[in-house]
Amino acid sequence: MKRYITKRIISIIPLLIGISFLAFILINLSESDPAEVALRVNEITPTETAVAEMREELGLDKPFFERYITWVTSSIKGDFGNSFVNNKPVIEEIGQALPATLMLALVAFVMIVFISVSASILCTIYEGSIIDRTIRGFVFIAEAMPGYWIGLLLIWFFSIKLNLLPTSGMSSWTSVILPAVTLAFAYISTYVRLIRNNMVQNKNENFVLYAKARGMKEGIILKRIFKNSLQSAITALGMSIPKLIAGTVIVENIFAWPGIGRLSVTAIFNYDYPVIQAYVFLMAVLFVICNLLVDIVTAIFDPRMRKEV
Amino acid sequence: MGGLNKLMRDRSAMICIIFLTLVVLAGIFAPWLAPHSPIDVNVKEKLAGISTTYPLGTDQLGRCIFSRLLYGIRTTVFIAFITMIVTIVIGTLIGGIAGLFRGKIDEIIMRICDVFMSFPSEVMILAIIGMMGPGLTNIVIASIIAKWAWYTRMVRSIIIKYADKNYIQFARVSGFSRWHIFKKHIMPNTVGEISVLATLDAGSVILMISALSFLGLGVQAPTPEWGMMLNEAKNVMTIYPELMLAPGIAILVVVAAFNFLGDSLQDAFNVKRGKRGKRMR
Amino acid sequence: MVMLEVKNLSIQDTQSNEVIVEDISFKLERGRSLGIVGESGSGKSMTVKGMLGLIAPWITVSGAAYFEDADMLRMKTKSIRDIRARHISMILQDAMSAFDSLDTIGKQMQETLCENLIISRTEAKQVSLRELERVGIKEAAQVLKKYPHQLSGGMLQRCMIAIAAAVQPDIIIADEPTTALDAITQKEVIATFQHLQAQSGTTFIFISHDLGVIQQLTEDVLVMKDAKQVEYGRTENVFQHPQNEYTKYLVDTRIKLTRAFEQSMRKDSYHA
Ligand SMILES: Nc1ncnc2c1ncn2[C@@H]1O[C@H](COP(=O)(O)OP(=O)(O)OP(=O)(O)O)[C@@H](O)[C@H]1O
Ligand SMILES: [Mg+2]
C-alpha cells in the first residue's frame, strides 16, 4: 500500500512538470506586452524607457527557459507577484477569495453526493418503474439546461417572486443556498447517470446472481451492488471537486459571490495577468492533487488494487 | 448498413434530425425569415409583448426577440459547429498520425495529450481567454485547444481498433493496396464513429460557448447570441422576467436534440464513448 | 417422489429476440440425480438459471417449473428466495466472477450460512471450516481470510461446493463443477458428491461436458443441442442405445476417449 502511494506520487512529477510548462506557455500567449499592460493599468504612459524598466522589473528580458524556472520556483513559494490593478500581492487577493469559493463548492459537493447517490439507489431499486423514468427524464432535461439559466430562474423564483432568499452577495448563511444549488444542478445529472448506469449494470453481474442463488436478502444484495459501484462513483465524485471549483466561475458571477471565480473573470477584463496566472496555477495543482487522492482512496477501497503493490 | 436502418426506424431520432436541420436552415436564411433587424434599437417599442409585428415581443432596447433568436443561431450554433469541425480536423490529423505510425511519434503525442487532458477544460479556456483577451475568435481558439486532445485520443483508439481487425490484410499487402485498405476500411469506420462522438459532444460545446458569451467573454454586443441575450435579460429580471424564457428554451431544446440524437446514433452504431459513460434518457 | 418438474420451459432474449432455450421438460425424483449434457452454448446453464430466476430482466422465461407443486416461475420474490439455497442450491459455472471481489470468502460464506441455517457467526465459521475441509481444502482457515482474486478458479469452485453442501439443500445444481480442477482434486470432489448423495440424500442436477462424470453420478440424463432437448431418459439407456444422431456422436467420441480413464476412476472411488 505504502509503495503504491509512493509510486503514484512519483508518477505525477512528470505530469506536474508538463502542466506547469503548459500553464506557463498559456500565460505567455498574450498578444499584448505585459509590461505595457502593467504600465497602462497604473495610468503611466508607456514610453520606451518606462516599458524597458518594467520589463526588467517583471523579469521579461530574461530568456524563456530561465523565466519558466523563476516562475515555477516563486509560484511554489506562493509568490505570484503583485496585481497590476491594485499592486497588492496576488497571493493575498486569492487568499481572501478562496474561502468563499471553497465554501460554495463544499456545500454544492454535499448536495451532489447526497442527491446523486440517493437518486441512483432509487433508480436501481425501482429500475424501469415510474420513479426511475421520472428521474431519468429529469436528468435528460437538466443536462441540456445552461447552468446560468437555472441560476437566473432560481433567483427570479426564490428571491424576486417569493422573496425568500437573497439574490446575491454573501450577507447571511442563506446566501449560499441558491448559488450552491445552481452549481450542483449540472453535476447532479451527470453523476446520477454515471452511478445509476453503473449500479444497474452491476445488478446483472455474476456475483449478484450468485448472491441471489445463495438466498441472500434484497437489502444485502443491494449493499453489495452499491459497494461495487462506489468505486467508480468515488472516482467520478472525486474528480468533480476541481471541476466544481472551476465551475464556480459562472455561478459566482451571477450571484456576485466574492470568490476566486469572480476574481479571475474580473482579472480577465482588467488584463491583470498575475492574478490569472496564479488562478491557473492553483487550479492545475488542485486538479492533479485531487486526481492523486482519488486514486489512493480507490486503492484503499479495492482489495484487487492492493495486490498490485 | 444495419445501423442506418435502425436509425431510420427510430422515430424520435428522426424528429431530432428534422428539427436540427430546420434550425440550421433557419440560421442560414435568417435575413429572409427575420421580420426585423436583430440590432436596430427602437426604444419606443421596448419590452413589447407578443404581437403579429413582434412574434416573441421585444427586449429592453425594443429589438425584436424573434429576429435576434434567428440570428443567434448563426452565432451560437454555427460557431459551435466551426469549433467542432476545426477540433475534429486537428484531432483526426494528429490522432491519425499516432494511430497509423505508432511507435515513438505515438508515444510523444499521447504524453502531450495526457498533459492537456489533465487540465480541467474550464480552467484551460479561462487561461487562454485571460491571456488573449475576450472575443469571439478567442473563445473558439480556446475551445479548440481545450478539446483537441480528447478527439486525438479517440481517433487514435478507433484507428487502432480497425487496423488490428484488418491486421493480416494490412501486413500482407503493400504500397497502393495498403492505402486502399485504409481508404476502404479504416477511414469510413473512423469517420462514422467520430461523427457519433461529435454529435454527442455538440450540445456541450453549444453550452460552453453560450456560457462564455453570458459572462461577456465571448460574443460582444450588439451581436445577437443566445447566452448574451440571457445576460441582457438578467438586467431587467425584476421588471420583465419573461425575457429570460426565449433564449433559455432555445438553448435547452437545441442541446437536448443533439444529446438525444447522439444517444440514438450511439445505440444504432454501437459506439463506445470512452471514459465518459453513456448518457441516458 | 417428484421434487422438481419442469414443463415446456422456454427462454428468450427480448433484446435480440434470440431463443436461448426451447421447450425443455424434465422431472427430478428424490434420490435420482439428473445430468444435463450438450455442446457449449446449447443452453444448459440458462435452463437451470431461468428455472431459478437468476437471469437479467430482459430475458423472459415461459413454461412452468414446479418445486413441490409450486411454480417457481410465478412466485413472489420472497418465496423464491426461500427456495433458493435452502431447498435448491446452485454452484455457478464461472467461479472466478461468482464472489463479490470486495469481500473475503469467509465473510460471504458466513453470511450465507447465517441466513439459511439460522446460526450464529461463530457456528457459521466452524461449519465453513468443516465443509471446506470436506471438499479437500487443507488450509481452510487461511482460505476464509482470502479475497476472491487471491484464490484460483479451482479453489473458488470448491468454496462454492462447500457452501452448497453446508446448507444441506434438497437439490444441488452443479454447473460444470469440476472444470477448473486438476485430476486428483476432481476425484476428491466427485467423492464428496457421492458422499452427499449417499449420506444426506441430496439429489443433484449435474451439468457437464464430461460424460464419464455424468455416467458415474446420475440416474437420468438430458441431452441438449441448439437450445432444444434431443434426448431424455435413464443414463444407461441413453448412453448404451443413443437414439439421436447427436447423442450417438457425443457418446462415441467421448466413450472411446475416456473409457480407460473412467475405469480407473471408478475403481478408485469405490475404494474411497
Ligand atoms: N445473460 C445473457 N444474455 C443474453 N444471452 C445469453 C445470456 N447468457 C447466455 N446467453 C446465451 O444463451 C445461450 C446459451 O448459453 P448457456 O450459458 O446456457 O450455454 P451452455 O450450454 O451453458 O454453454 P457452456 O457449456 O459453454 O457453459 C448462448 O448462446 C448465450 O449466448
Ligand atoms: Mg454453461
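Residues numbered from 1 in each chain as written. Chains lettered and ligands numbered in written order. Predicted model: local features only at pLDDT ≥ 70, side-chain atom pairs only at ≥ 80, totals over all residues. Heavy atoms only, no water.

Caption draft 1: Representation of the overall build of chain C within the structure. Of regular secondary structure, chain C possesses ten helices and ten strands. Radius of gyration (C-alpha) of chain C: 18 Å, near the 19 Å computed for a compact globule of 272 residues. The principal-axis extent of the C-alpha atoms belonging to chain C is close to 50 × 45 × 35 Å. Within the span of chain C, comprising 272 residues, buried residues form 54% of the whole. As displayed, chain C has an accessible area near 12100 Å², and 49% of this comes from carbon and sulfur atoms. In chain C, 31 positive and 35 negative side-chain charges are present, and the distance between their average locations comes to 3 Å. (Helix = DSSP H or I, 4+ residues; strand = E, 2+ residues; numbered from the N terminus. Rg over C-alpha atoms; globule rule 2.2 N^0.38 Å. Buried < 20%, exposed > 50% of the residue type's maximum accessible area, 1.4 Å probe, protein only. Areas by Shrake-Rupley, 256 points an atom, 1.4 Å probe, with all protein chains shown as cover. Lys, Arg positive; Asp, Glu negative; His and termini not counted. Charge placed at Lys NZ, Arg CZ, Asp CG, Glu CD.)

Caption draft 2: Focus on the UniProt feature "transmembrane region" (unreviewed entry) in chain B. Residue and element names in this part refer to chain B. According to UniProt, the feature "transmembrane region" (unreviewed entry) maps to residues 12-34, 77-101, 135-151, 194-219 and 239-262 in the numbering used here. The span residues 194-219 is 81% helix and 0% strand, and its two end C-alpha atoms sit 28 Å from each other. Between the first and last C-alpha atoms of residues 239-262 the distance is 39 Å; the span itself is 75% helix and 0% strand. (UniProt positions renumbered as here; feature names shortened; annotations may be inferred.)

Caption draft 3: Representation of the coordination of the magnesium ion (ligand 2) within the structure. Residue and element names in this part refer to chain C. Distances from the magnesium ion (ligand 2) to its protein donors, S45 (OG) and Q93 (OE1), fall within 1.9 to 2.2 Å. Of the two residues, S45 is situated in helix α1 (residues 44-52) and Q93 in the loop between β6 (88-91) and α3 (105-117); the sequence distance between them amounts to 48 residues. Given the relative accessible area of 16%, S45 is considered buried. On the basis of relative accessible area, Q93 is assigned to the partly exposed category, the value being 38%. (Donors = N, O, S within 2.8 Å, 3.2 Å for Na, K, Ca; no water.)

Caption draft 4: Expanded view of the pattern of salt bridges. Residues and elements named next belong to chain B. Per the stated rule, a full pass over the model turns up 27 salt bridges over all chains. Where D106 meets R156, a salt bridge forms, and the shortest distance between an N and an O atom there is 2.6 Å. One end of the pair, D106, is in helix α5 (residues 103-117); the other, R156, is in helix α7 (residues 136-165), with 50 residues separating them in the sequence. Judged by its relative accessible area of 7%, D106 is buried. (Salt bridge = Lys/Arg side-chain N within 4 Å of Asp/Glu carboxyl O.)

Caption draft 5: Spatial organisation of a nonpolar patch on the surface. All names here are of chain B. A cluster of nonpolar residues, I18, L22, L25, I28, F29, W32 and L33, forms a patch on the protein surface that exposes about 740 Å² of accessible area. If you list the elements that add at least two residues to the nonpolar patch, you get α2 (11-28) and α3 (30-33). The element contributing the most residues to the nonpolar patch is α2, with four residues. Here L25 shows up in helix α2. Judged by its relative accessible area of 37%, L25 falls in the partly exposed class. (Patch = residues over 30% accessible without salt bridge, like charges linked within 9 Å, V, L, I, M, F, W, Y side chains within 5 Å.)

Caption draft 6: Helix α10 (residues 226-235) of chain B, seen in detail. Residue and element names in this part refer to chain B. In terms of residue burial, α10 counts as a mostly covered element, since seven of its ten residues are buried. Among all positions in α10, only W226, G227, M228, M229, L230, E232 and A233 are buried. Looking at where α10 begins, the residue whose side-chain oxygen comes 2.5 Å from the main-chain nitrogen of G227 is E225. (Polar contact = N/O pair within 3.5 Å; in protein donor to acceptor, adjacent residues only side chain to side chain.)

Caption draft 7: Spotlight on the interface of chain B and chain A. Each partner contributes residues to the interface: chain B has 49 residues there, and chain A has 49 residues. For the pair chain B and chain A, the two sides together bury roughly 4400 Å², of which 79% comes from carbon and sulfur. Linking chain B with chain A are zero salt bridges, by the criterion used here. The interface formed by chain B and chain A contains two residue pairs in polar contact (both at pLDDT 80 or more). Sorting the residues of the side of chain B that touches chain A by element identifies α5, α6 (121-132), α9 (176-214), α10 and α11 (245-269) of chain B as the ones contributing at least two each. Of the residues forming the side of chain B that touches chain A, the biggest block, ten residues, is contributed by α6(B). Along the lines of polarity and charge, the residues of the side of chain B that touches chain A split into 31 nonpolar, ten polar and eight charged. (Contact = heavy atoms within 4.5 Å. Buried area = accessible area lost by both parts, 1.4 Å probe. Nonpolar A, V, L, I, M, F, W, Y, C, P; charged D, E, K, R; others polar.)

Caption draft 8: Local environment of the layout of surface pockets. Residues and elements named next belong to chain A. In this structure, the second largest pocket occupies an estimated 900 Å³ of space. E57, L58, G59, L60 and Q277 are, among the 33 residues lining the second largest pocket, the residues nearest its centre. Elements supplying a minimum of two residues to the lining of the second largest pocket: α1 (2-27), α2 (34-41), α3 (48-58), α4 (64-76) and α12 (273-301). Looking at the lining of the second largest pocket element by element, the count peaks at five residues for α4. Split into classes, the residues belonging to the lining of the second largest pocket amount to 15 nonpolar, twelve polar and six charged. (1 Å grid on protein atoms, 1.4 Å probe; cavity = no way out; pocket = protein on both sides within 12 Å on 5 of 7 lines; lining within 4 Å. Points joined across faces, edges and corners; volume = space filled by probe spheres on them.)

Caption draft 9: Looking closely at the site of ligand 1. Residues and elements named next belong to chain C. In the neighbourhood of ligand 1, 16 residues make up the surrounding shell, with S40, G41, K44, S45 and Q93 lying closest. In the model, an oxygen atom of ligand 1 is placed 2.8 Å from a nitrogen or oxygen of the G41 main chain. The separation between an oxygen atom of ligand 1 and a polar side-chain atom of S45 is 2.6 Å. Out of a free accessible area of 630 Å², ligand 1 has 69% covered by protein chains. Broken down by secondary-structure element, the contributors of at least two residues to the shell around ligand 1 are β2 (18-29) and α1. For the shell around ligand 1, the element with the most residues is α1, which contributes three residues. Residues that form the shell around ligand 1 fall into these classes: four nonpolar, seven polar and five charged. (Near = heavy atom within 4 Å.)

Caption draft 10: Looking closely at the UniProt feature "domain: ABC transporter" (unreviewed entry) in chain C. According to UniProt, the positions carrying the feature "domain: ABC transporter" (unreviewed entry) are residues 4-251 of chain C. Summarising residues 4-251 of chain C: 40% helix, 26% strand, and an end-to-end C-alpha distance of 27 Å.

Caption draft 11: Representation of the nonpolar core in the model. B:F119 and B:W226 are the most contacted members of the largest nonpolar core, which totals 177 residues. The dominant element in this core, judged by the number of residues it contributes, is α9(B), at 16 residues. Split by domain, this core shows at least three residues from each of two domains, domain 1 (2-76) and domain 2 (98-269) of chain A. Counting 79 residues, the second largest nonpolar core, distinct from the first, contains A:Y210, C:I55, C:I83 and C:L156. (Core = buried A, V, L, I, M, F, W, Y, C linked by side-chain atoms within 4.5 Å. Domains from an automatic or database assignment.)

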